[in-house]
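One-letter residues, chain by chain:
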Amino acid sequence: QKEVEQDPGPLSVPEGAIVSLNCTYSNSAFQYFMWYRQYSRKGPELLMYTYSSGNKEDGRFTAQVDKSSKYISLFIRDSQPSDSATYLCAMSGTGGTSYGKLTFGQGTILTVHP
Amino acid sequence: GAVVSQHPSRVICKSGTSVKIECRSLDFQATTMFWYRQFPKQSLMLMATSNEGSKATYEQGVEKDKFLINHASLTLSTLTVTSAHPEDSSFYICSARVDGPNTIYFGEGSWLTVV
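Residues numbered from 1 in each chain as written. Chains lettered and ligands numbered in written order. Predicted model: local features only at pLDDT ≥ 70, side-chain atom pairs only at ≥ 80, totals over all residues. Heavy atoms only, no water.

> Where do I start with the pattern of salt bridges in this structure?
Oppositely charged side chains may form a pair once their charged atoms are brought near each other. Taken as a whole and assessed by the stated rule, the structure comprises 7 salt bridges over all chains. Across the pair R60 of chain A and D83 of chain A runs a salt bridge, and its minimum N-O distance is 2.8 Å. Note that R60 of chain A is positioned in the loop between β6 (54–58) and β7 (61–66) and D83 of chain A in the loop between β8 (71–76) and β9 (85–92), a separation of 23 residues in sequence. The class for D83 of chain A is buried, based on a relative accessible area of 1%. One salt bridge connects E59 of chain B with K101 of chain A, and the closest N-O pair in it is separated by 3.2 Å. Pair noted here: E59 of chain B is in the loop between β6 (57–58) and β7 (67–73) and K101 of chain A is in the loop between β9 and β10 (103–104), and the two residues belong to different chains. On the accessibility criterion, E59 of chain B (23% relative accessible area) is partly exposed. Since its relative accessible area comes to 31%, K101 of chain A is described here as partly exposed. (Salt bridge = Lys/Arg side-chain N within 4 Å of Asp/Glu carboxyl O. Helix = DSSP H or I, 4+ residues; strand = E, 2+ residues; numbered from the N terminus. Buried < 20%, exposed > 50% of the residue type's maximum accessible area, 1.4 Å probe, protein only.)

Below you can see the structure in the form of C-alpha coordinates.
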(Lines give C-alpha, C1' and ligand atoms only; values in the text may rest on other atoms or scores of the structure.)
Protein backbone atom coordinates (compact mmCIF):
# COMPACT_ATOMS: atom_id res chain seq x y z
CA GLN A 1 0.00 0.00 0.00
CA LYS A 2 1.31 3.42 -0.94
CA GLU A 3 1.68 5.98 1.84
CA VAL A 4 -0.37 8.49 -0.15
CA GLU A 5 -3.14 7.53 -2.53
CA GLN A 6 -4.57 9.92 -5.09
CA ASP A 7 -6.98 9.20 -7.90
CA PRO A 8 -5.04 9.94 -11.08
CA GLY A 9 -8.17 10.79 -13.04
CA PRO A 10 -8.14 12.18 -15.63
CA LEU A 11 -10.82 14.63 -14.58
CA SER A 12 -12.58 16.75 -17.18
CA VAL A 13 -14.99 19.51 -16.17
CA PRO A 14 -16.68 22.47 -17.85
CA GLU A 15 -15.55 25.98 -17.10
CA GLY A 16 -17.16 27.35 -13.94
CA ALA A 17 -17.56 23.95 -12.29
CA ILE A 18 -16.48 23.15 -8.76
CA VAL A 19 -13.62 20.68 -8.72
CA SER A 20 -12.93 18.33 -5.85
CA LEU A 21 -9.57 16.61 -5.55
CA ASN A 22 -8.76 14.15 -2.80
CA CYS A 23 -5.97 12.16 -1.22
CA THR A 24 -5.84 9.56 1.51
CA TYR A 25 -2.78 8.63 3.48
CA SER A 26 -1.67 6.01 5.95
CA ASN A 27 1.23 7.59 7.84
CA SER A 28 0.03 9.16 11.09
CA ALA A 29 3.29 11.12 11.35
CA PHE A 30 2.27 13.45 8.55
CA GLN A 31 1.49 16.89 9.95
CA TYR A 32 1.94 19.18 6.97
CA PHE A 33 -0.28 18.88 3.94
CA MET A 34 0.30 20.64 0.66
CA TRP A 35 -1.26 20.88 -2.74
CA TYR A 36 0.91 21.55 -5.74
CA ARG A 37 0.03 22.34 -9.31
CA GLN A 38 2.27 21.06 -12.06
CA TYR A 39 2.05 22.06 -15.68
CA SER A 40 3.46 19.72 -18.26
CA ARG A 41 7.24 19.34 -18.06
CA LYS A 42 7.58 21.93 -15.31
CA GLY A 43 8.39 21.89 -11.63
CA PRO A 44 5.52 21.84 -9.11
CA GLU A 45 4.13 25.10 -7.82
CA LEU A 46 2.77 25.34 -4.27
CA LEU A 47 -0.93 26.18 -4.15
CA MET A 48 -2.03 25.54 -0.60
CA TYR A 49 -0.43 24.51 2.66
CA THR A 50 -2.19 23.33 5.82
CA TYR A 51 -0.82 22.30 9.16
CA SER A 52 -2.71 19.50 10.96
CA SER A 53 -6.49 19.38 10.62
CA GLY A 54 -8.67 22.20 9.43
CA ASN A 55 -9.62 24.30 6.46
CA LYS A 56 -7.79 27.00 4.59
CA GLU A 57 -9.16 29.23 1.87
CA ASP A 58 -7.26 31.26 -0.68
CA GLY A 59 -9.29 32.86 -3.41
CA ARG A 60 -10.96 30.14 -5.43
CA PHE A 61 -9.07 27.39 -3.63
CA THR A 62 -10.03 25.67 -0.37
CA ALA A 63 -7.95 22.99 1.29
CA GLN A 64 -9.36 20.67 3.93
CA VAL A 65 -7.57 18.22 6.17
CA ASP A 66 -9.27 15.57 8.27
CA LYS A 67 -6.56 13.80 10.20
CA SER A 68 -9.00 11.49 11.94
CA SER A 69 -9.92 10.03 8.57
CA LYS A 70 -6.48 10.57 7.04
CA TYR A 71 -8.15 12.39 4.19
CA ILE A 72 -7.36 15.70 2.51
CA SER A 73 -9.19 17.64 -0.16
CA LEU A 74 -8.71 20.56 -2.48
CA PHE A 75 -11.71 22.40 -3.88
CA ILE A 76 -11.49 24.72 -6.83
CA ARG A 77 -14.44 27.04 -7.35
CA ASP A 78 -15.35 28.67 -10.63
CA SER A 79 -12.77 26.58 -12.44
CA GLN A 80 -11.02 28.15 -15.41
CA PRO A 81 -9.29 26.64 -18.45
CA SER A 82 -6.03 27.97 -17.00
CA ASP A 83 -6.55 25.61 -14.04
CA SER A 84 -5.91 22.69 -16.38
CA ALA A 85 -2.86 20.95 -14.95
CA THR A 86 -1.81 18.05 -12.78
CA TYR A 87 -2.59 18.52 -9.10
CA LEU A 88 -0.39 16.77 -6.60
CA CYS A 89 -1.02 16.35 -2.92
CA ALA A 90 2.08 16.17 -0.75
CA MET A 91 2.74 15.55 2.91
CA SER A 92 5.54 15.71 5.39
CA GLY A 93 6.30 15.09 9.02
CA THR A 94 7.78 17.47 11.54
CA GLY A 95 11.26 18.22 12.73
CA GLY A 96 14.58 18.78 11.02
CA THR A 97 14.81 17.89 7.38
CA SER A 98 11.39 16.23 7.48
CA TYR A 99 9.91 19.60 6.59
CA GLY A 100 11.22 19.44 3.08
CA LYS A 101 10.99 15.70 2.66
CA LEU A 102 7.72 15.36 0.83
CA THR A 103 5.70 12.29 0.02
CA PHE A 104 3.56 12.90 -3.03
CA GLY A 105 0.36 11.43 -4.31
CA GLN A 106 0.24 10.21 -7.88
CA GLY A 107 -1.30 13.42 -9.14
CA THR A 108 -4.69 14.10 -10.71
CA ILE A 109 -4.81 15.36 -14.28
CA LEU A 110 -7.46 18.07 -14.54
CA THR A 111 -8.82 19.54 -17.73
CA VAL A 112 -11.23 22.48 -17.63
CA HIS A 113 -12.84 22.98 -21.00
CA PRO A 114 -14.48 26.23 -22.14
CA GLY B 1 8.87 33.88 -3.79
CA ALA B 2 12.26 32.30 -3.74
CA VAL B 3 13.68 30.97 -6.97
CA VAL B 4 15.32 27.64 -7.55
CA SER B 5 17.08 27.18 -10.85
CA GLN B 6 17.98 23.92 -12.50
CA HIS B 7 20.36 23.39 -15.37
CA PRO B 8 20.21 21.93 -17.92
CA SER B 9 16.49 21.79 -18.57
CA ARG B 10 17.00 19.04 -21.13
CA VAL B 11 19.94 16.75 -21.75
CA ILE B 12 20.53 13.78 -23.99
CA CYS B 13 23.47 11.54 -23.29
CA LYS B 14 24.81 8.27 -24.57
CA SER B 15 24.46 5.12 -22.57
CA GLY B 16 27.46 4.58 -20.32
CA THR B 17 28.35 8.25 -19.92
CA SER B 18 27.78 10.50 -16.92
CA VAL B 19 25.68 13.62 -16.77
CA LYS B 20 25.54 16.37 -14.16
CA ILE B 21 22.45 18.38 -13.20
CA GLU B 22 22.77 21.57 -11.17
CA CYS B 23 20.30 22.99 -8.70
CA ARG B 24 20.82 26.55 -7.48
CA SER B 25 18.98 28.68 -4.98
CA LEU B 26 19.15 32.12 -6.54
CA ASP B 27 18.12 34.46 -3.75
CA PHE B 28 18.43 32.49 -0.56
CA GLN B 29 20.74 30.06 1.15
CA ALA B 30 19.65 26.45 1.34
CA THR B 31 21.39 24.15 3.79
CA THR B 32 19.14 21.36 2.61
CA MET B 33 18.02 20.50 -0.88
CA PHE B 34 16.08 17.52 -2.13
CA TRP B 35 16.25 15.55 -5.35
CA TYR B 36 13.20 13.87 -6.85
CA ARG B 37 12.63 11.73 -9.90
CA GLN B 38 9.41 11.63 -11.86
CA PHE B 39 8.62 9.06 -14.52
CA PRO B 40 5.96 9.88 -17.13
CA LYS B 41 2.46 9.99 -15.65
CA GLN B 42 3.80 9.12 -12.24
CA SER B 43 4.37 11.10 -9.10
CA LEU B 44 7.55 12.58 -7.73
CA MET B 45 9.66 10.12 -5.80
CA LEU B 46 12.22 11.42 -3.35
CA MET B 47 15.68 10.18 -4.20
CA ALA B 48 17.89 11.86 -1.66
CA THR B 49 18.37 14.71 0.75
CA SER B 50 21.35 16.90 -0.02
CA ASN B 51 23.03 18.48 2.98
CA GLU B 52 25.52 21.31 2.62
CA GLY B 53 28.95 20.24 3.75
CA SER B 54 28.06 16.64 4.47
CA LYS B 55 27.05 13.44 2.75
CA ALA B 56 23.69 13.11 1.12
CA THR B 57 21.04 10.85 2.61
CA TYR B 58 19.57 8.46 0.10
CA GLU B 59 16.14 6.90 0.12
CA GLN B 60 15.78 3.16 0.18
CA GLY B 61 16.39 1.62 -3.20
CA VAL B 62 18.37 4.54 -4.62
CA GLU B 63 21.93 3.64 -5.58
CA LYS B 64 24.23 6.22 -4.04
CA ASP B 65 27.14 5.21 -6.27
CA LYS B 66 25.03 5.77 -9.35
CA PHE B 67 23.40 9.03 -8.31
CA LEU B 68 26.19 11.15 -6.87
CA ILE B 69 25.06 14.21 -4.96
CA ASN B 70 27.33 17.06 -3.98
CA HIS B 71 26.21 20.08 -1.97
CA ALA B 72 29.38 22.10 -1.88
CA SER B 73 27.88 25.49 -1.11
CA LEU B 74 24.76 26.98 0.42
CA THR B 75 23.37 27.76 -3.01
CA LEU B 76 24.36 24.80 -5.16
CA SER B 77 23.64 21.10 -5.17
CA THR B 78 24.55 18.82 -8.05
CA LEU B 79 23.23 15.41 -9.07
CA THR B 80 25.50 13.30 -11.27
CA VAL B 81 24.02 10.27 -12.96
CA THR B 82 26.96 7.96 -13.55
CA SER B 83 27.15 5.27 -16.21
CA ALA B 84 23.72 6.26 -17.41
CA HIS B 85 21.39 3.69 -18.94
CA PRO B 86 18.15 4.18 -20.86
CA GLU B 87 16.14 3.24 -17.76
CA ASP B 88 17.61 6.32 -16.05
CA SER B 89 15.73 8.48 -18.52
CA SER B 90 13.39 10.56 -16.41
CA PHE B 91 12.45 14.01 -15.17
CA TYR B 92 14.69 15.05 -12.28
CA ILE B 93 13.53 17.87 -9.99
CA CYS B 94 15.23 19.52 -7.07
CA SER B 95 13.71 21.49 -4.24
CA ALA B 96 15.06 23.69 -1.50
CA ARG B 97 13.60 24.58 1.86
CA VAL B 98 13.93 28.09 3.17
CA ASP B 99 12.18 27.54 6.48
CA GLY B 100 8.92 25.68 7.09
CA PRO B 101 7.04 23.38 4.70
CA ASN B 102 5.25 26.31 3.10
CA THR B 103 8.62 27.61 1.95
CA ILE B 104 9.70 24.68 -0.19
CA TYR B 105 10.52 25.75 -3.70
CA PHE B 106 11.02 23.51 -6.69
CA GLY B 107 13.22 23.95 -9.68
CA GLU B 108 11.86 23.73 -13.19
CA GLY B 109 13.18 20.20 -13.60
CA SER B 110 15.63 18.54 -15.93
CA TRP B 111 14.65 16.05 -18.59
CA LEU B 112 17.27 13.36 -19.03
CA THR B 113 17.17 11.08 -22.05
CA VAL B 114 19.73 8.32 -22.28
CA VAL B 115 20.14 6.85 -25.75
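> Can you walk me through the interface of chain B and chain A in this structure?
By a frequent convention, interface size equals the accessible area lost on bringing the separate parts together. Taken residue by residue, the interface counts 24 residues in chain B and 21 residues in chain A. Of the roughly 1,900 Å² buried between chain B and chain A, counting both surfaces, carbon and sulfur atoms make up 60%. Taken together, the links from chain B to chain A amount to 2 salt bridges. At the junction of chain B with chain A, the criterion picks out 5 residue pairs in polar contact (both at pLDDT 80 or more). Mapped onto the side of chain B that touches chain A, the elements with two or more residues apiece are β4 (32–38), β5 (44–51), β9 (90–97) and β10 (104–106) of chain B. (Contact = heavy atoms within 4.5 Å. Buried area = accessible area lost by both parts, 1.4 Å probe. Polar contact = N/O pair within 3.5 Å; in protein donor to acceptor, adjacent residues only side chain to side chain.)

> Any chance you could explain unusual backbone geometry here in plain terms?
What is expected of a backbone is that most residues other than glycine have negative phi and most peptide bonds are trans. With an omega of 5°, the peptide bond between G9 of chain A and P10 of chain A qualifies as cis. Residue H7 of chain B is joined to P8 of chain B through a cis peptide bond whose omega torsion reads 0°. Secondary-structure assignment places P8 of chain B in the loop between β1 (4–7) and β2 (10–13). Backbone geometry at K70 of chain A places phi at a positive 55°, although glycine is not the residue there. One can find K70 of chain A in the loop between β7 and β8. Of note, the phi angle at D78 of chain A is positive, near 45°, even though the residue is not glycine. Here D78 of chain A shows up in the loop between β8 and β9.

> How do you make sense of the sheet that holds β1 of chain B when you look at a structure like this?
Residues and elements named next belong to chain B. Pairing is antiparallel across the open sheet formed by 4 strands, whose spatial order is β1-β3-β8-β7. A strand with exactly one partner marks an edge of an open sheet, and here the two such strands are β1 and β7. Across the sheet, the mean angle separating the axes of adjacent strands is 15° when strand polarity is ignored. Where β7 meets strand β8 (residues 76–81), 5 bridges bridge the pair, whose relative direction is antiparallel. Bridge assignment links S73 to a residue of β8, and that residue is L76. (Pairing = 2+ DSSP bridges. Axes fitted to C-alpha atoms, helices over the stretch in contact; angles between N-to-C directions.)

> How should I be thinking about the environment of I72 of chain A in this particular structure?
All names here are of chain A. Tracing the sequence through the fold places I72 in strand β8. When the C-alpha atoms of I72 and I109 are compared, they prove to be 17 Å apart, with 37 residues separating the residues in sequence. Sequence-distant contacts of I72, that is, excluding residues within four places in its chain, are made with L21, N22, C23, Y25, F33, W35, Q64, V65, C89 and M91.

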